Amino acid sequence: MFEVRDKPEMVERALLIRIYSDKREEEEAISLLEELGELVKTLGIGVIESCLVHTRSLHKKFLCGTGKAQEMVDLAKAHECDCIVFDNMFLPSQQRNWEELADTCVIDREEVILDIFSQRAQTREARLQVDLAKMQYSLPRLTRMWGHLDREGGGGGDGGGGKGGGGASRGMGEQQVEVDRRLARTRIDQCKRELAEVRKQRGTRRKEREKQGVPCAAIAGYTNAGKSTLLNCLSGSDIMAKDMLFATLDTTTRAIELPDGQPLLLTDTVGFVRNLPHRLVEAFKATLEESVLADFIIHVLDASSPEIEKYYETTMEVLEELGAGDKPVITVLNKIDVLNDPVKLAGLEVTFPNTISVSAITGKGCDELLVRCSEMLADRVSTQTYRIPQSRGDLSGLLHRDAKVLETEYDGNDVIVKAVVPARISGKLLKYKEL
């Protein structure tokens, strides 16, 4: 596949810039620029300097005035930066304007996130989602990127000169940029078809789960809030959980048993981030729809973060956009072992009422979280005792297969069974229930 962005293979020194016009947004702009620094470092790129640029109004060409833009370019050259990274999201024309002025690689926040996703994608589904988002991002940016090849082609093949369409022959009168647009659109269509097939397969698996009647909870939250670590703690699994942004891109589901004996499927989801590009939300819907289809959501917050309220708002906004805004939610304050400040924790518990404070590392508070999960599903199950004739082995088998048997005793020709019974089978056993 052709490369649509002419970025150096080894980018080592980056200048970070955020341009803003409203003085009331200065504090948030500083926070977003700091977050961009973490995102860039996740790519293994060194941050040389971060600049917050205020302009009275956003300009069409560079977002800021020409003089300020030249000043930023001069600063990048003085630091010998090989990349300028903007926290703003650019129009394709604005990105080209900056690259022409700076004569170096210029990328925006969306491309940084796309590059991280591209590095982290493991499964076929995640790779398809990333590929789709990258091609949709790059398609409008193909213009003028092949200016040296914009002469019309004289026919099929490479014309004998070895400088043809880079994987696709140019037709009569077709320019190189048109070839690449065609290739990009073809790849986008292919990704969409393959993703549709993946979603169909996921839907089949989900229907099988629904037949079994096992409830599901989605673990959602801001990136690096500790979702994967919490899943490991609750399930005893060992999925990858690192202190980095977007450590998890692929959904992972684990089965656990709640204190009342009821089974529960826990699904880890990709983390959210402020200003998450809409094309990424759209591309990852096959993954994020686990949040929409879950019985309830476990919303994990990093209690040690000074931006916790912003992170809460971001996650709730994305869940709303996905159509999961009306789902029951258990809010979890994670990383209380890092916070280590009882006064601040008490304040957070007032800000976010009915939360559960946990440490996914030490396990503190996780038992309470499991009890809350049981309460969420209380209407789905009940603990009952039945007296079943031994001749009705079919009913005993039903309990052992679809319920959680707690105790079994024998009394003459009867079997006395105490079990946690889902509502969907309780009607079949009603006449044998002990009063």
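Whatever comes next refers back to the structure up there.
So, a few notes on the structure that sits alongside this text. The structure presented is a predicted model; accordingly, all values stated were derived computationally and were not measured.

## Observations concerning the packing of aromatic side chains
Phase 1: Per the counting criterion, the structure on display carries 5 aromatic pairs.
Phase 2: Seen in terms of ring centroids, Tyr222 and Tyr311 are 3.8 Å apart; in terms of plane orientation they differ by 10°. Their pairing is stacked. Within this pair, whereas Tyr222 is found in the loop between β5 (216–221) and α7 (227–235), its partner Tyr311 is found in helix α10 (residues 308–322), the two being separated by 89 residues in sequence. Each of the two residues, Tyr222 as well as Tyr311, counts as buried.

## Side note on the sheet that holds strand β2 (residues 46–54)
Phase 1: Sheet architecture is open: 4 strands sit in the order β2-β1-β3-β4, paired in parallel fashion. This sheet does not close on itself; its edge strands, each paired only once, are β2 and β4 (105–108). Between one strand axis and the next, the sheet turns through 20° on average, direction left out of account.
Phase 2: Bridge count for strand β1 (residues 13–20) against strand β3 (residues 83–86) is 4 bridges, and the pairing is parallel. Across the sheet, Ala14 pairs through a bridge with Cys83, a residue of β3.
Phase 3: Those strands touched by helix α1 (residues 26–42) are β1, β2 and β3, and its axis lies near 155° from that of β1.
Phase 4: Helix α2 (residues 66–78) contacts β1, β2 and β3 of the sheet and is inclined by roughly 165° relative to β2.

## Here we look at the packing of α7 against helix α13 (residues 366–376)
Phase 1: As a packed pair, α7 and α13 sit with axes 11 Å apart at the nearest point and diverge in direction by 85°. Between α7 and α13, the angle is such that the two are roughly perpendicular. Facing Leu230, Cys233 and Leu234 of α7, the residues of α13 in contact are Cys366, Leu369 and Leu370.
Phase 2: Looking at the contact of α7 with α13, its residues break down into 6 nonpolar, no polar and no charged.

What counts and what doesn't
- Residues numbered from 1 in each chain as written.
- Predicted model: local features only at pLDDT ≥ 70, side-chain atom pairs only at ≥ 80, totals over all residues.
- Heavy atoms only, no water.
- Phe/Tyr/Trp six-rings, centres within 6.5 Å; stacked < 30°, edge-to-face > 60°.
- Helix = DSSP H or I, 4+ residues; strand = E, 2+ residues; numbered from the N terminus.
- Buried < 20%, exposed > 50% of the residue type's maximum accessible area, 1.4 Å probe, protein only.
- Pairing = 2+ DSSP bridges.
- Axes fitted to C-alpha atoms, helices over the stretch in contact; angles between N-to-C directions.
- Contact = heavy atoms within 4.5 Å.
- Parallel < 35°, antiparallel > 145°, perpendicular 65-115°, else oblique.
- Nonpolar A, V, L, I, M, F, W, Y, C, P; charged D, E, K, R; others polar.

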